[in-house]
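Close look at the chain arrangement
Next come the chains, spelled out residue by residue.
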Amino acid sequence: MLRLDQVSAKRGNVVALEDISLSLSPGNTLAVVGESGAGKSTLIATILGLLRPSKGTITWNGAEVSTCRPSLVMQEPRSAFNPAHPLLRSVLEPIVGQRATVPTERIERLCTGLELPQQLLNRRPSEVSIGQAQRVGILRALIATPPLVLFDEPLSALDAVTQKHTARLIADLQREEGFAALIVTHDLGYAVAHADEIAVLKSGRIEEVATPESFAVAPKSDYCKTLRDAAIALGALEAVG
Amino acid sequence: MTLHVSGLSAARSGRTILHPTSLEIELGARIGLVGASGSGKSTLGHALVDELRTQGRSVAHVPQSPDEALDPLRSMAFHWQEAEKALGLHTGTADQPMLFEALKIAGGDLKKRPWGWSRGMQQRFVIAMALIGSPDLIVLDEPTSALDPVVAAATMDLLDRHLQDRDTAMMLITHDLGLAARRVSTLMVMQDGEIVERASTQDILERPQTSAAQSLSAHRNWMALPC
């Protein structure tokens, strides 16, 4: 289980996260939502150990998070890959040293589910569309069947239909393999449809942790209500009642 | 008065990406151009803008990426003055404070170049430039893609208010039928470089005829997922 206990973190002298306590069990999905600059991506960096917390502790089953080799789907799809290498080489990075052979069946299944032709993996990042690069990022994150996957805006470059297919694939694999998923997203419709819990961040603090139902129907704070109403105005959520 | 274009087409590397397309747009119309990634929406948007400008019409274009609209070597203030000049306005006559306040970019430093602003702020700056005057048509290509939901909703609301009392027609290009459904009265669905369906928003949502429209309609909302 991923556990954050009263975590604070700074970017330079600015407090980017303050007193964050969260937990995430295997097989579950936690969506982290909030406006730009709320600290969502900083939260991911802190969990991965890229940014050291100034206070508090972050653990996976009581040990350091790095012991579980978590995966990350990065926000900027193209810059997530080495521009000089074919995508396949980057995709195989998480399993370097772990396996002698390329897991062809796994790649095949993920490519099919992500609607990516396998030959595309022989191209370089600049030779594929941003939406394709984003799905290759998801492929790389899931190839080694990690126990914890951090998704930073994983569907932002995909069209509405592909978004739903990709979300479905992630949910199916999660059911089969039981990984814990933390998903940072602007898309509240996605959060409500796929998360077990939604954490709303505002100015580096947790405003509310709610189930999708209570977030969609009866958000507690004014800010969460504003977010919910914005999602309805944008067509990402249906108005209830 | 109606805007009219005919025979718009485009090819890239020998492949036709926009088949010959004709359009009529009534003044004050609210049109959504929807379709999957790569269906030719942005290409049609560009071709439409170019053709109408050739005809002497005034068209504001908010491209998908702010990089297309902003010169990295020029300050934001320069861009604003150019937009005013293009509309024949004297410098400083546009209601910049109101637009910036409504789009929540009032804190942006106009002396900076585009890269001194975040991508979301750049996108809103380009939208503000498009709202300076009353052109014949505003074409908005995925205008909320870099914005968080609160800011995106505020931006779309400002757009609605702005267009309310004007003859300016609007074309909203998006892959998100859920977004378009709330903002436009007519939808055009694109697939493989062609407009395959054109009907009222309600008809497309309730009685989509083509496979492209059916797919978009079925997937427009996260909560109504087809299995």
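In case you missed it, the structure is sitting above this.
Definitions and cut-offs
Residue numbers restart at each chain and count upward from 1, following the sequence in its written direction. For this description, chains carry letters from A and ligands carry numbers from 1, given in the order in which they are written. In view of the model being predicted, local features appear only for residues whose pLDDT reaches at least 70, and side-chain atom pairs are presented and counted only at 80 or more, with totals across whole chains, interfaces and linings using the full set of residues. In computing side-chain properties, one takes all heavy atoms of the structure into account and sets aside hydrogens as well as water. When the centres of two rings from Phe, Tyr and Trp lie within 6.5 Å, Trp using its six-membered ring, the rings pair. Their planes under 30 degrees apart give stacked, over 60 give edge-to-face, and anything left gives tilted. In DSSP terms, a helix is any run of H or I states spanning at least four residues, a strand is any run of E spanning at least two, and both are numbered starting from the N terminus. The buried label applies to any residue whose accessible area, calculated with a 1.4 Å probe on protein chains only, is under 20% of its type's maximum; exposed applies above 50%, and partly exposed to all values in between. Put plainly, a pocket is an open set of points on a 1 Å grid over the protein atoms alone with protein on both sides within 12 Å along at least five of seven lines, a cavity is a set where a 1.4 Å probe fits but cannot get out, and a lining residue has an atom within 4 Å of a point. Grid points are joined across faces, edges and corners, and a volume is the space filled by probe spheres set on the points. Note on pairing: DSSP must find at least two bridges between two strands before they are called paired. Here, axes are lines fitted to C-alpha atoms. For helices the fit covers the stretch in contact, and angles between N-to-C directions go from 0 to 180 degrees. Pairs of residues are marked as contacts when any of their non-hydrogen atoms sit within 4.5 Å. By definition here, a helix of n residues has an expected span of 1.5 Å times n minus one. Under the grouping applied here, Gly and all other residues not named as nonpolar or charged are polar, the nonpolar ones being Ala, Val, Leu, Ile, Met, Phe, Trp, Tyr, Cys and Pro and the charged ones Asp, Glu, Lys and Arg. Note on angle classes: values under 35 degrees are labelled roughly parallel, values over 145 roughly antiparallel, values of 65 to 115 roughly perpendicular, and the remainder oblique. Think of a salt bridge as a Lys or Arg side-chain nitrogen and an Asp or Glu carboxyl oxygen that are within 4 Å of each other.

A few words on the packing of aromatic side chains. Residue and element names in this part refer to chain B. Counted under the stated rule, the structure contains 5 aromatic pairs over all chains. Pairing F100 with F125 gives two aromatic rings, centres 6.0 Å apart and planes at 65°, and the pair type is edge-to-face. Of this pair, F100 sits in helix α3 (residues 96–102) while F125 sits in helix α4 (residues 119–130), and the two are 25 residues apart along the sequence. The exposure classification of F100 matches that of F125, with both residues buried. Taking the centre distance of 5.5 Å and the plane angle of 75° together, the rings of W117 and F125 count as edge-to-face. Residue class for W117 comes out buried when judged on its relative accessible area of 5%. Following the ring pairs from residue to residue traces out a cluster consisting of W80, F100, W117 and F125.

Looking now at empty space enclosed by the protein. Residues and elements named next belong to chain A. Counted under the stated rule, the structure contains 1 cavity of 30 Å³ or more. Within this model, the largest cavity holds a volume of roughly 60 Å³. Mapped onto the lining of the largest cavity, the elements with two or more residues apiece are β5 (71–73) and α4 (130–142). Looking at the lining of the largest cavity, the element that brings in the most residues is α4, giving 3 residues.

On to the sheet that holds strand β3 (residues 29–33) of chain A, then. Residues and elements named next belong to chain A. Across the sheet, 6 strands lie side by side as β5-β6-β7-β3-β8-β9; this open sheet has mixed pairing. The open sheet terminates on both sides in strands that have one partner only, identified here as β5 and β9 (205–210). The average undirected angle you get between the axes of adjacent strands in this sheet is 20°. Looking at chain direction, β5 and strand β6 (residues 148–152) are connected through 3 bridges and run parallel. Paired with S71 across the bridge in β6 is V149. Against the sheet, helix α1 (residues 40–47) touches β3, β5, β6, β7 (180–184) and β8 (197–202), its axis set at about 150° to β6. Packing against the sheet, helix α8 (residues 222–233) makes contact with β3, β8 and β9, and its axis sits at approximately 110° to β8.

Residue and element names in this part refer to chain B. Pairing is mixed across the open sheet formed by 6 strands, whose spatial order is β4-β5-β6-β3-β7-β8. Both edges of this open sheet fall to β4 (59–62) and β8 (194–200), since each of them pairs with a single strand only. Put simply, the sheet's adjacent strands are angled 15° from each other on average, direction ignored. With respect to the sheet, α4 is in contact with β4 and β5 (137–141), its orientation differing from that of β4 by roughly 170°. Sheet strands in contact with helix α5 (residues 149–164) are β3 (30–35), β5 and β6 (169–174), and its direction is about 160° off that of β6.

Helical periodicity: at 3.6 residues per turn, an α-helix aligns residues three or four positions apart in one direction. Residues and elements named next belong to chain A. Helix length check: α4, at 13 residues, gives a terminal C-alpha distance of 19 Å against a target of 18 Å (1.5 Å per residue), a fit within 8%. Most of α4 is tucked away, with 11 of its 13 residues classed as buried. Along α4, the residues classified as buried are G131, A133, Q134, R135, V136, G137, I138, L139, R140, A141 and L142. In this structure, the buried residues of α4 make contact with β5, α2 (87–91), α3 (104–113), β6 and α5 (160–177).

Turning our attention to the layout of surface pockets. All names here are of chain B. As a volume, the second largest pocket reaches approximately 570 Å³. Contributing to the lining of the second largest pocket are 23 residues, with R53, V59, A60, H61 and A83 lying nearest its centre. Taken together, the elements giving at least two residues each to the lining of the second largest pocket come down to α1 (41–54), β4, α2 (76–86) and α4. The leading source of residues in the lining of the second largest pocket is α2, at 5 residues. Its residues placed into classes, the lining of the second largest pocket shows 13 nonpolar, 5 polar and 5 charged.

Residues and elements named next belong to chain A. Checked against the element boundaries, S90 lands in helix α2. On the basis of relative accessible area, S90 is assigned to the buried category, the value being 1%. Residues within four places of S90 in sequence aside, it is in contact with F81, N82 and R140.

Right, let's talk about the packing of α4 of chain A against α5 of chain A for a bit. All names here are of chain A. The geometry of α4 relative to α5 is characterised by a closest axis approach of 12 Å and an angle of 0° between their N-to-C directions. Relative to α5, α4 is oriented roughly parallel. Facing R135, I138 and L142 of α4, the residues of α5 in contact are T162, T166, I170 and L173. Here the residues of the contact of α4 with α5 are counted per class, giving 4 nonpolar, 2 polar and 1 charged.

Before going further, it helps to spend a moment on unusual backbone geometry. Not every positive phi belongs to a glycine, and N61 of chain A is a case in point at roughly 50°. Here N61 of chain A falls in the exposed class, since its relative accessible area comes to 56%. At D192 of chain B, a residue that is not glycine, the phi angle is positive and equals roughly 50°. For D192 of chain B, a relative accessible area of 58% gives the class exposed.

Moving on to the pattern of salt bridges. Proximity of charged atoms lets side chains of opposite charge pair with each other. All names here are of chain B. Counted by the stated rule, this structure contains 13 salt bridges over all chains. The salt bridge partner of R119 is D67, with a shortest N-O separation of 3.7 Å. Of this pair, R119 sits in helix α4 while D67 is found in the loop between β4 and α2, placing the two residues 52 residues apart along the sequence. Take R119: its relative accessible area is 42%, and that puts it in the partly exposed class. According to the relative accessible area criterion, D67 is exposed, its value standing at 52%. A salt bridge links E82 to K85; the nearest nitrogen and oxygen atoms lie 3.1 Å apart. One end of the pair, E82, and the other, K85, are both in helix α2, 3 residues apart, so they sit about a helical turn from each other. Exposure remark for K85: the relative accessible area of 54% places this residue in the exposed category.

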